[in-house]
Amino acid sequence: MSKDLSAAPEIPKEDDRPKWDNKFQYILSCIGFAVGLGNVWRFPYLCQIHGGGAFLIPYFIALLFEGIPLLHLELALGQYLRKGSIGAWNTISPYLGGVGIGSWMVSVLVSLYYNTVLTWVMWYFINSFQEPLPWSVCPLNENRTGFNEECHESTAVNYFWYRKTLNITPDIAESGKLQWWLILCLAACWLIVYLCTIRGIETTGKAIYVTAIFPYLVLTIFLIQGLTLPGATEGLIYLFTPNLNILKNPRVWLDAATQIFFSLSLAFGGLIAFASYNPTKNDCEKDAVTVAIVNSMTSLYASIPVFSVLGFKATTAYWDCLDRNIVNIINEFDLPEESIMRQNYTSWISFLNSSYPEKIAGLKLKNCDLQEFLDQSVSGTGLAFIVFTQAIILMPGSQAWAILFFIMLFSLGLSSMFGNIEGVFTPLLELQIIPKSAPKELLSGIICLISFLIALSFTLGSGSYWIDIFDRYAASVPLLVIAFFEVIGVVYIYKIKRFSKDVEWMTGRKLNLYWHIAWRFISPLLLLIVFMAFVTLQLQKTPSYTAWNPKYEGFPMKEEKVYPPWVQAICVLLAALPGMCVPLVALFHLVKKKCRSKDPSFVPSEVFSCQGANSTFSHPK
């Protein structure tokens, strides 16, 4: 931070840094990074459990005062300083270097497990070419005298996911074996990521045209097909019917704030890296608003085909339930076939209940309620690999729909992986971990190879339990901590006055009051509240997980288990380590300064100084 903010410093120098081919490529890359699997498999679920359309109220409030301001801050910072996360925060102040290191660590941890999720998607995609689909029927047992017992007791869809894909162990402490089919798919996924990120944005910029645009095409196809399915209307009514009473629940507001935050991929460092390849004279304010709105609109758009299909699945299950009851009643009372139909089922039941209550009670008919089937809410892998795959089986031309669905998921995940890898790649490139003469391809190769070797642990029988841990702890609390220090660092250390002048120089106009209020007060306060609420909720319950255990007495229900102490210690480490980088790095520089100050030849500098503020990274008056 310059002592004299009114000094007339030099214009930022152009360097040999790679540049985007055009503005559209950059916007697509940011959208591709922000729009990921969560838009398809988490946002609709949150709408479903939190009052349908009512959830949009806290969601858009969080977007306005948390999402857009933080997105603008990261894009402006990367664009002005033209550095990755570590370099940018070191430039603002060495004491804030931990912010960059923390976001780099999160990008590494998320990349490890996120690409394993794509491994599962690839495995399902490969199997989608079989006829019939392998998750549509149970295999025979070893004696070929009946169906496999585990599959018969659960469902074909569950069996294919838990046994044929994951080959899951009944306990996290039981590692199991490496699954060769997942290893091959994992290697293929990392090879694809390597080929697409081989030279940083020079190659991802080309691939993004396919990976960012293609999912919208598939979503549109699913939308058209979904709306023609029976029960689609019921699914959409269920999704968007607002229940305003639910807004009294603080959990709804917390989920809205965290969904916006994680959906925009804030604090990963990838957005700072992407923006650093922009020309300094670029409207980053407009970019931030565009990316945030497209991301949120995509979530809404994806919800329509998802719940059209889920409404179809619920209606089909409801009809099956009615049909089974109808067959039982017709056989018991020796009625003519088709005398009882779905349309007149309710009136028949009322009549028979009043006339023959004992006979009806003896039949033990199932209670068929469409609302109950619609209430079966799931998110994440449960939605993608169990509920949606089950729905696809029921659709005409199921094979083609399965292929399309998993290509879409792979494209969504791959474009998000580009941002994660960029958050890892750019800082390492700037730190010159390898000699400057060495090709970028070598650094990309080293990153992907090491990541692949570490991620092999996720292909073990217990791998999916660990992915859940990484997702729950490494990609949650650390990001909130890092984002909080990002805002504090810019507003109160770099100073909002200086930052406003930087943005004004880049965009050609002054920042309005909205940005000042959001950055100074609302955004940091919201982050603090969300962080405290998030941690409080986590501390209120013992960390646990649900295990797939065929020997469990309640099977096919999953068994609730508490994490062993050593796993809980790893959970704490994953949640705390990236965030702890911020105070640890600041403490290191403080101790270093104290030690150096004892040297009589040492001339002390400002505690917080934007290195080279008066020369390299400054704007004219």
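If you look the chain up in an unreviewed UniProt entry, it shows as Transporter from Zosterops lateralis melanops. The UniProt entry for the chain carries the following text under Sequence similarities (unreviewed entry): "Belongs to the sodium:neurotransmitter symporter (SNF) (TC 2.A.22) family."

Quick look at unusual backbone geometry now. Residues other than glycine predominantly adopt negative phi, and peptide bonds predominantly adopt the trans conformation. A cis amide bond, omega 0°, links Glu131 with the succeeding residue Pro132. With respect to the helices, strands and loops of the structure, Pro132 is situated in the loop between helix 6 (97–127) and helix 7 (149–153). Looking along the chain, the bond that leaves Phe555 and enters Pro556 is cis, with omega of 15°. Tracing the chain through its elements places Pro556 in the loop between strand 1 (544–547) and strand 2 (559–562). Even without being a glycine, Asn167 presents a positive backbone phi close to 45°. We note that Glu338 has phi near 65°; this positive angle belongs to a residue other than glycine. Note on placement: Glu338 falls in the loop between helix 14 (284–333) and helix 15 (345–355).

Next up on the list: the pattern of salt bridges. Tallied over the entire structure, the rule returns 13 salt bridges. The partner of Asp287 in a salt bridge is Lys23, with the nearest N and O atoms 3.0 Å apart. Residue Asp287 is found in helix 14, and its partner Lys23 is found in helix 1 (residues 23–34); the two are separated by 264 residues along the sequence. With relative accessibility at 2%, the residue Asp287 sits in the buried group. Given a relative accessible area of 37%, Lys23 falls into the partly exposed group. A salt bridge links Arg251 to Asp255; the shortest N-O distance between them is 3.3 Å. Separated by 4 residues within a single helix, Arg251 and Asp255 lie in helix 12 (residues 250–263), roughly one turn from each other. For Asp255, a relative accessible area of 6% translates into the label buried. Sharing partners across several salt bridges, the network here consists of Arg199, Glu202, Lys440 and Glu441.

In this description, an aromatic ring pair is defined by two values, namely the gap between the centres and the angle between the planes. For the coordinates displayed, the defined rule picks out 46 aromatic pairs. The interplanar angle of 40° and the centroid separation of 5.2 Å between the aromatic rings of Tyr124 and Phe406 together place this pair among those described as tilted. Here Tyr124 is found in helix 6, whereas its partner Phe406 is found in helix 19 (residues 398–430), with 282 residues between them in sequence. The two residues Tyr124 and Phe406 agree in class, both being buried. Relative to Tyr563, the ring of Tyr545 has its centre 4.9 Å away and its plane inclined at 15°; by these criteria the two rings are stacked.

Quick look at the packing of helix 6 against helix 9 (residues 180–197) now. One way to put it is that helix 6 packs onto helix 9 with a least axis distance of 8 Å and a crossing angle of 115°. Classified by the angle their axes make, helix 6 and helix 9 are roughly perpendicular. Considering only the axes of helix 6 and helix 9, their crossing is right-handed. Taking contact as the criterion, the partners of Ser111, Asn115, Thr116, Leu118, Thr119, Trp120, Met122, Trp123 and Ile126 in helix 6 are, on helix 9, Trp181, Leu182, Cys185, Leu186, Ala188, Cys189, Trp190, Ile192 and Val193. Tallied by class, residues from the contact of helix 6 with helix 9 come to 14 nonpolar, 4 polar and no charged.

Here we take up the side chain of Ser111. Position of Ser111 relative to the elements: it lies in helix 6. Judged by its relative accessible area of 2%, Ser111 is buried. In terms of polar contacts, Ser111 uses its side chain to reach the backbone carbonyl oxygen of Ser107, at 2.7 Å. The residues contacting Ser111, other than those within four sequence positions of it, are Trp190, Met417, Asn420, Ile421 and Val424.

Reading guide: rules and limits
- Residues numbered from 1 in each chain as written.
- Predicted model: local features only at pLDDT ≥ 70, side-chain atom pairs only at ≥ 80, totals over all residues.
- Heavy atoms only, no water.
- UniProt positions renumbered as here; feature names shortened; annotations may be inferred.
- Helix = DSSP H or I, 4+ residues; strand = E, 2+ residues; numbered from the N terminus.
- Salt bridge = Lys/Arg side-chain N within 4 Å of Asp/Glu carboxyl O.
- Buried < 20%, exposed > 50% of the residue type's maximum accessible area, 1.4 Å probe, protein only.
- Phe/Tyr/Trp six-rings, centres within 6.5 Å; stacked < 30°, edge-to-face > 60°.
- Axes fitted to C-alpha atoms, helices over the stretch in contact; angles between N-to-C directions.
- Parallel < 35°, antiparallel > 145°, perpendicular 65-115°, else oblique.
- Left-handed = near helix turned anticlockwise from the far one by under 90°.
- Contact = heavy atoms within 4.5 Å.
- Nonpolar A, V, L, I, M, F, W, Y, C, P; charged D, E, K, R; others polar.
- Polar contact = N/O pair within 3.5 Å; in protein donor to acceptor, adjacent residues only side chain to side chain.

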